[in-house]
Amino acid sequence: MKPCHNCQAVIDEYLLDKQLEPLRELTVDDFNLCHDCVTVVSDACVTCGGAVYVPRNESTTPDYCPACRADAIDQTGQDPGWTLETPSV
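Quantities reported herein were computed from a predicted structural model and do not represent experimental measurements.

Chemist: I would appreciate a short explanation of the packing of aromatic side chains in the present structure.
Modeler: Here a ring pair, both rings aromatic, is described through the centre-centre distance and the interplanar angle of the planes. Tallied over the full model, the rule gives 1 aromatic pair. Between the aromatic rings of Tyr53 and Trp82, the centroid separation amounts to 6.3 Å while the plane-to-plane angle is 70 degrees, which identifies the pairing as edge-to-face. Here Tyr53, found in strand E2 (residues 52-55), pairs with Trp82, found in the segment after helix H2 (66-76); they are 29 residues apart in sequence, far enough to count as distant. Exposure remark for Trp82: the relative accessible area of 33% places this residue in the partly exposed category. Here Arg69 stacks its cationic end above the ring of Trp82, 4.2 Å away from the centre of that ring.

If you want it as structure tokens, here you go:
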């Protein structure tokens, strides 16, 4: 059992897995945040229309889900970032 990187609480894998169900191909092993520190927003990804997750201390909802961001990196070799207007370098 790992601590949450945000609040240091022990991550309850069952609760986090339930919250992450709408996210494509992700499991609790892909996160270092507890379920209290993550908000899942349905239908927010501009590529697949799937859900995205937003850490509690972030105010901007990502435009890409982690799977579509990873797909874009694999296909183009460039990181599009989490939002349309701010590509990562």
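That was the structure; now back to the text.
Chemist: Please explain the environment of Lys2 as it appears in this structure.
Modeler: By secondary structure assignment, the location of Lys2 is in the segment before helix H1 (13-19). As for Lys2 and Asn32, which are separated by 30 residues in sequence, their C-alpha atoms are 7.4 Å apart.

Chemist: What is the right way to look at the nonpolar core in this model?
Modeler: Soluble globular proteins tend to pack their nonpolar side chains together in the buried interior. Membership of the largest hydrophobic core is limited to 11 residues, which are Cys4, Ile11, Leu16, Leu20, Leu23, Leu33, Cys34, Cys37, Val38, Ala51 and Tyr53. With 5 residues, the next largest nonpolar core counts Cys45, Cys65, Ala67 and Cys68 among its residues.

Chemist: Please clarify how unusual backbone geometry should be interpreted in this entry.
Modeler: When glycine is set aside, most residues are seen to have a negative phi, and most peptide bonds are trans. With phi around 55 degrees, Asp43 is a residue other than glycine that occupies positive phi space. Here Asp43 shows up in the loop between strand E1 (38-41) and E2.

Chemist: Mind showing me how you'd approach the pattern of salt bridges here?
Modeler: Opposite charge on two side chains lets them pair, provided their charged atoms get close. Tallied over the entire structure, the rule returns 1 salt bridge. The residue Arg69 makes a salt bridge to Asp79 at a minimum N-O spacing of 2.6 Å. In this pair, Arg69 is assigned in helix H2 and Asp79 in the segment after H2, connecting sequence segments 10 residues apart. Exposure remark for Arg69: the relative accessible area of 12% places this residue in the buried category.

Scoring rules and cut-offs
- Residues numbered from 1 in each chain as written.
- Predicted model: local features only at pLDDT ≥ 70, side-chain atom pairs only at ≥ 80, totals over all residues.
- Heavy atoms only, no water.
- Phe/Tyr/Trp six-rings, centres within 6.5 Å; stacked < 30°, edge-to-face > 60°.
- Helix = DSSP H or I, 4+ residues; strand = E, 2+ residues; numbered from the N terminus.
- Buried < 20%, exposed > 50% of the residue type's maximum accessible area, 1.4 Å probe, protein only.
- Lys NZ or Arg CZ within 6 Å of the ring centre and 35° of its normal.
- Core = buried A, V, L, I, M, F, W, Y, C linked by side-chain atoms within 4.5 Å.
- Salt bridge = Lys/Arg side-chain N within 4 Å of Asp/Glu carboxyl O.

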